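# Summary of structural features
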Amino acid sequence: MIDRLTTALGRSRADYIEIRVERSWSTAVTFRGRRLESATASEDQGGFVRVLEAGGGWGVASFTSLDRLEAMVARAAELSRAVRVDPPIRLASVSPHEAEAVLDLDGDVRGVPIAEKKRLIEGYNAEMLAVSDEVVDTLAVYRDEVSEYWYVNSEGTRLHELRPDVTLSGTAVARRDGTIEKGLESIGLRRGWHSVQDKAAGFRTVAERAVQLLDAPRVRGGAYPVILDPELAGVFIHEAFGHLSEADFVYESPQAREMMTLGRRFGKPALNVGDNGAAPGLRGTLPYDDEGTPTQDTVLIRDGILVGRLHSRETAAAMGERPTGNARALSFRHAPIVRMTNTYIASGSGSFADLIRDVPLGVYACGAFGGQTMLENFSFTAAYGRMIRNGQLAELVKDVVLAGNLFQTLDRIDHIAGDFRWNQMGGGCGKGGQAPLPVTEGAPHVRIEEALVGGDVPTAP
Amino acid sequence: MIDRLLTLARRRADGGADALWRRVERTSIAFESGRLKAAGTAEEAGANLRVRHRGRVGVAGSTAAADAPDELVGRALASAELGEELEIAFPSAAPLPRVSTFFAAAADAPLDRLTAIGRSLLDRLARDGCQINVTVERETVETRVANTAGAAGEYRSTGIGVSAEVWRIAGDDVLAIGDAYEGADLPSDEALAALVRSIVARLEHALHVVAPPEGALPVVFTPSGLAALLLPLTQALSGKAVLQGISPLAGKVGERVFDARVSLGDNPLRAGRTASRPIDDECVPSREVSLVHQGVVERFIYDLETAARAHTASTGHGQRGIFGKPVPGYTNIVLDGGAGGSGRVRPDGSAELGGGLLGEVRDGLLVDELIGVGQGNVIGGAFSHPVALAYRVERGVIAGRERLRAVEARRRVRRRRALDGFALCAVRAHGGGQRRASLNRECRRGNTGGHAGPGRLSGRRRALPFARSSSTGYRPACRSCRSGPSTAAPRRSGDAATACRCPPPRARHRPPSTRRCA
């Protein structure tokens, strides 16, 4: 394949050209309640060409029929020439790499019969259903994929990779009269079959929690000291800060550059944030990004000060900085754009107990149903919460939604515990129509001295 | 292709088969910060096959099916071996309704024409201190469905998407306001003018930031702001949710559950909409379906499988991509207009901001976009969302942009009292091609992929009027916002999320919004 792509490159006289080809095999088994909803196997293949002629814009072409490779190379070049860009698009230099990277398949899922996969997820699903008669519905999904990946560009980079991905997810729906509550389990790993064994406990726990939430009151809305558990803290830093650190947000706008000036204080000295695409074994981990740039650990906030951002080759050149290996594409259907990989809040010191000891009334927000940012505003839905009263964990509460402004909230992080962990969740990140891109977040417990929590409205009629 | 698959499937599967083949060609251009930066093309084709063998149903999909049809049939049969027994009945041949889905002018529009549309928007939206992004996209789709019971259908469709957004950053105040045209044909000059006017009107109101009131307030939702109310409703009206026992509307057919002004339907036959089609993805002829009529629940939507399980007939809502099995899905959701509002519609068909409902609002809020809609326990009905873009309404007129607030409602409020006014005018305006708001489509690649339907253009559109809620709770988002001008910048948000909590394909004018889905 590499030879075929190299030949196609050689025929083009474009100033810069890159070709990606992917072939993926995936299976998915879904249980809904006691019923097997589906068991499917899919095969997907296709290519992507991107061309940059001198003074031209990006010409891109994607296709599912590899017979069209040469035609699409020509078409992308034509499109690049049809777009005149002044000042011209430049790419930061990256030395060429040739690599054969086969990630640890950890039990190649392609060799496991689909019936085995069905048995595995059926067992986890049964764990949820067995918790209580009030668990009226479940959704349990096993998904795996192995992608074979080829990348070449006109600067001499030649990559061939094999990338595994396996995810388990479980949703337990508990219902009593008109009240419906959910619990969610999600496990995602850039590994294989061996890594998803013995995961029953997590499924059981979320079903138990869904039932417990039936009795839990809604959190009373207001401003509280909030302690985020590592899962929610990770989602928070990804959503609330990570996206703003993606350079495609700032590179074309002088005002945005000013807002994100390196050296600006974003938080208290305890705050250290980064993105590490080279961390071993995580879902956001890859040896190279989709422009052939090696991934790395990029420090974004050091001791509270903004010191870095995430780049593609284009954004790095435009801002006079170095590429960070963060140009990622969801698949051959998409152009690479600046994305996170494995984003983290670095470990601080002390324990969870130290964080809540001096909190008279606060909220411990745990797990993540989801998060969304719009520029500097964000919203997160925690899976559940516990009230903190007089320095102790108290009752379970539900419908914990955190909302706020990034700048204010980061500045209000006043204590970071020393209990860092990576959250190996499934799902992924969405941006610019590309979702779900596999990413990971990591964090310790984090305290925000004051954050807005949505919940019951005392004043509503 | 599809005939070959069905011939092979007929030989090997004893209970029949159906298949979908789809080919998509897409051309797009993107202006970034006022400059044309990229042009792209995409070609995709793939097939999805379902077989019934020994009473069990299996599904497989591939973009490589043309090379190895046997392999696809084999994988569908392997999937059926695991499947549960299901009495799925593949429909027989039936006449198809006529619906305009293909417009030659759109299909044949050269790159220059798309570029000219983009440039005309740039020229009209240019403002000092603002960045403008515009994308123009054209898509042609060929769809063919057939089954072993003799039903077949094929149609071509076109889609044009034009989106524009204006960014204004002042200090830490980031404002981005956009809107989009979407239709099966090229936009008329009037439609583009309406798009410009929609953005400019909201931008101008947004430049003035006002202090918020507190407590329970009347809230008027724009069509795009209505997602928080509509999403639980559309989820609850899916036959799949009824079968799962999680629809609060199950068992309520024939009951008046909503205000008599609420009527909701799904219309795959609306001319010129990109989600329209003469036949669904399982060979069931399309027809308009009323789901809620004058507050009374009339029916739920079903595809073949959910219909078989519920012992009823498919409503023609089978939706399938290349990967994964068909699921029930909406086409063009239409929330009918009521008698509220002023009925003021401009000659170009666009509605004024507020749909004419603001006149009755003494002190309230016009909500254009909420953040995080679709997160959490949607079907439960309660919601609580910070406001992305909303305007304070005082004595019937827009006073200025709200800062970050939260809008929420409890279940009781939403079901019984939430909607007490609809503007008829807005239905006309927004049914005509303005204001895209794509409904949820599952984002797992296993279910849709980039080519599950007319691609990015093709979320399932709804035509919605403005709606007013009389009793939606409302409170300030944070203490520090109560005094002085805001540094917070509301932003436009998305709509529905999905079972896997991933974002749906988004309207292009909302790129800065991002989600982590777990």
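When its secondary structure is counted, chain A shows nine helices and 24 strands. Projected onto its principal axes, the C-alpha coordinates of chain A cover approximately 70 × 55 × 40 Å. Expressed as a percentage of the 461 residues in chain A, the buried residues total 60%. Within chain A, contacts between residues separated by at least 24 positions form 74% of all contacts whose residues are at least 6 apart in sequence.

All names here are of chain B. One can describe the packing of helix H1 (residues 2-12) onto helix H2 (residues 69-82) by two numbers: an axis separation of 10 Å at closest approach and a directional angle of 45 degrees. Here H1 is positioned oblique relative to H2, judged by the angle of their axes. Seen from above, H1 lies across H2 with right-handed handedness. Taken together, the residues of H2 that come into contact with H1 (itself represented by Arg4, Leu5, Leu8, Ala9 and Arg12) are Pro69, Asp70, Leu72, Val73 and Leu77. Residues that form the contact of H1 with H2 fall into these classes: seven nonpolar, no polar and three charged.

Our next topic: the packing of helix H3 (residues 114-129) of chain A against helix H4 (residues 200-215) of chain A. When two helices pack together, you describe them by how their axes are tilted relative to each other and by the distance separating the axes. Residue and element names in this part refer to chain A. Between H3 and H4, whose axes approach to 8 Å, the crossing angle comes to 30 degrees. In terms of their interaxial angle, H3 and H4 are classed as roughly parallel. Once H3 is placed against H4, the crossing between them reads as right-handed. In contact with Gly123, Tyr124, Glu127 and Met128 of H3, H4 contributes Ala200, Phe203, Arg204 and Ala207. Class assignment for the residues of the contact of H3 with H4 results in five nonpolar, one polar and two charged.

Residue and element names in this part refer to chain B. Bridge analysis of strand S8 (residues 264-266) against strand S9 (residues 289-293) gives three bridges, and the strand direction is antiparallel. Counted as the bridge partner of Gly265 is Ser290 from S9. Direction of pairing for S9 relative to strand S10 (residues 296-297): antiparallel, over a ladder of two bridges. Pairing of His293 across the sheet is with Val296, part of S10. Where S9 folds back onto S10 in an antiparallel hairpin, the turn is made up of two residues, including Gln294, whose phi is positive at roughly 45 degrees.

The subject of this paragraph is the confidence of the model for chain A. Per-chain confidence: chain A averages 93 in pLDDT, with 98% of residues scoring 70 or above. Considering only residues more than four positions removed or in separate chains, one finds that residues 457-461 of chain A, a stretch of pLDDT under 50, has 14 contacts.

A separate point is the sheet that holds strand S11 (residues 305-306) of chain A. The mixed open sheet is built from six strands, whose spatial order is S11-S10-S9-S14-S23-S20 (chain A). With partners counted over all chains shown, the strands left at the sheet margins are S11 and strand S20 (421-423) of chain A, one partner each.

Residue and element names in this part refer to chain A. Along its sequence, chain A is carved into domain 1 (2-215) and domain 2 (222-454). A straight line from the C-alpha centre of domain 1 to that of domain 2 covers 22 Å. At the junction of the two partners, domain 1 supplies 36 residues and domain 2 supplies 30 residues. Contributing elements (two or more residues each) for the side of domain 1 that touches domain 2: strand S1 (16-32), strand S2 (35-52), strand S3 (58-63), strand S4 (98-102), strand S5 (135-153), strand S6 (158-176), strand S7 (179-189) and H4.

Residue and element names in this part refer to chain A. Bridging between strand S9 (residues 273-276) and strand S10 (residues 297-302) involves four bridges; their strand directions are antiparallel. Across the sheet, the residue bridging to Asp275 is Thr298, located in S10. Counting the residues in the hairpin turn of S10 and S11 gives two residues, including Asp303, whose phi is positive at 50 degrees.

Okay, helix H2 (residues 69-82) of chain A next. Helix length check: H2 of chain A, at 14 residues, gives a terminal C-alpha distance of 20 Å against a target of 20 Å (1.5 Å per residue), a fit within 8%. Residues of H2 of chain A that are buried include every one of Met72, Val73, Arg75, Ala76, Ala77, Leu79 and Ser80 of chain A, and no others. Elements that come into contact with the buried residues of H2 of chain A comprise helix H1 (2-11), S1, S2 and S3 of chain A together with strand S2 (35-53) of chain B.

So, how was this worked out
- Residues numbered from 1 in each chain as written.
- Chains lettered and ligands numbered in written order.
- Predicted model: local features only at pLDDT ≥ 70, side-chain atom pairs only at ≥ 80, totals over all residues.
- Helix = DSSP H or I, 4+ residues; strand = E, 2+ residues; numbered from the N terminus.
- Buried ≥ 20, exposed ≤ 12 C-beta atoms within 10 Å, placed from the backbone.
- Contact = placed C-beta atoms within 7 Å.
- Axes fitted to C-alpha atoms, helices over the stretch in contact; angles between N-to-C directions.
- Parallel < 35°, antiparallel > 145°, perpendicular 65-115°, else oblique.
- Left-handed = near helix turned anticlockwise from the far one by under 90°.
- Nonpolar A, V, L, I, M, F, W, Y, C, P; charged D, E, K, R; others polar.
- Pairing = 2+ DSSP bridges.
- pLDDT = per-residue confidence, 0-100.
- Domains from an automatic or database assignment.
- Expected span 1.5 Å × (residues − 1).

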